[in-house]
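These are the residues of each chain, in order.
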Amino acid sequence: QVQLVESGGGLVQAGGSLRLSCVASGRISRINTMGWYRQAPGKQRELVARIYSGGSTNYADSVKGRFTISRDNAKNTVYLQMNTLKPEDTAVYYCNTDIWYAGTISNYWGQGTQVTVSS
């Protein structure tokens, strides 16, 4: 099995920054796409950013220019640098990863980490 462990969430004032990390471990042959999603109370889970195996990225319009996703393949880790945070960024942030093992690709979710941005 695969485990995704997230860290870096917390409480920050508007305009501040946080850096989220997600480390994958377990039965991994190759990691494909990695991404970050978020879910606020009463709202659907939404894509924040994703990074593909070749390094290409895309972002939700609401975070473009403020958030940066990156990965360290040697450490099986994906990061989300969040700058100029706004109260509307408040949500539980989840790491999501597509992982190849024994000829099969599977999708995994982390446990989530709370990000709260105060006015």
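Each remark here, short or long, concerns the structure printed above.
Trainee: Account for the sheet that holds strand 8 (residues 77-82), naming residues and giving values.
Mentor: If you trace the four strands from one edge of the open sheet to the other, you get 1-3-8-7, paired in antiparallel fashion. Among the strands making up the open sheet, the edge pair consists of strand 1 (2-7) and strand 7 (67-72). Here the average twist between neighbouring strands, direction ignored, is 15 degrees. Summarising the sheet, strand 7 and strand 8 pair through six bridges and their orientation is antiparallel. From the neighbouring strand, Arg71 faces strand 8, where its bridge partner is Val78.

Trainee: Can you tell me about the packing of aromatic side chains, naming the residues and giving the values?
Mentor: Each aromatic ring pair is characterised by the separation of its centres together with the angle its planes make. If you walk through the whole model with that rule in mind, you get two aromatic pairs. Centroid distance Tyr37 to Trp109: 5.1 Å. Interplanar angle 65 degrees. Geometry classified as edge-to-face. Here Trp109 lies in strand 10 (residues 104-109) and Tyr37 lies in strand 4 (residues 30-39), a separation of 72 residues in the sequence. Since its relative accessible area comes to 39%, Trp109 is described here as partly exposed. Between the aromatic rings of Tyr94 and Trp109, the centroid separation amounts to 6.3 Å while the plane-to-plane angle is 85 degrees, which identifies the pairing as edge-to-face. Here Trp109 lies in strand 10 and Tyr94 lies in strand 9 (residues 91-101), a separation of 15 residues in the sequence.

Trainee: I'd like to hear about the nonpolar core, residue by residue, with values.
Mentor: Membership of the largest hydrophobic core comes to 28 residues, with the highest contact counts inside it found for Trp36, Val48, Phe67, Val78, Leu80, Met82 and Tyr93. Not counting chain neighbours up to four residues away, the residues in contact with Val48 comprise Trp36, Tyr37, Arg38, Asn58, Tyr59, Ala60, Val63, Phe67, Leu80 and Tyr93.

Trainee: Could you give me a rundown of the pattern of salt bridges, with the residues and numbers involved?
Mentor: This model, assessed by the stated rule, comprises four salt bridges. Between Asp89 and Arg38 there is a salt bridge whose closest N-O contact spans 3.0 Å. Of this pair, Asp89 sits in the loop between strand 8 and strand 9 while Arg38 sits in strand 4; the two residues are 51 residues apart in sequence, bridging distant segments of the chain. Asp89 gets classed as buried once you look at its relative accessible area, which sits at 0%.

Scoring rules and cut-offs
- Residues numbered from 1 in each chain as written.
- Predicted model: local features only at pLDDT ≥ 70, side-chain atom pairs only at ≥ 80, totals over all residues.
- Heavy atoms only, no water.
- Pairing = 2+ DSSP bridges.
- Helix = DSSP H or I, 4+ residues; strand = E, 2+ residues; numbered from the N terminus.
- Axes fitted to C-alpha atoms, helices over the stretch in contact; angles between N-to-C directions.
- Phe/Tyr/Trp six-rings, centres within 6.5 Å; stacked < 30°, edge-to-face > 60°.
- Buried < 20%, exposed > 50% of the residue type's maximum accessible area, 1.4 Å probe, protein only.
- Core = buried A, V, L, I, M, F, W, Y, C linked by side-chain atoms within 4.5 Å.
- Contact = heavy atoms within 4.5 Å.
- Salt bridge = Lys/Arg side-chain N within 4 Å of Asp/Glu carboxyl O.

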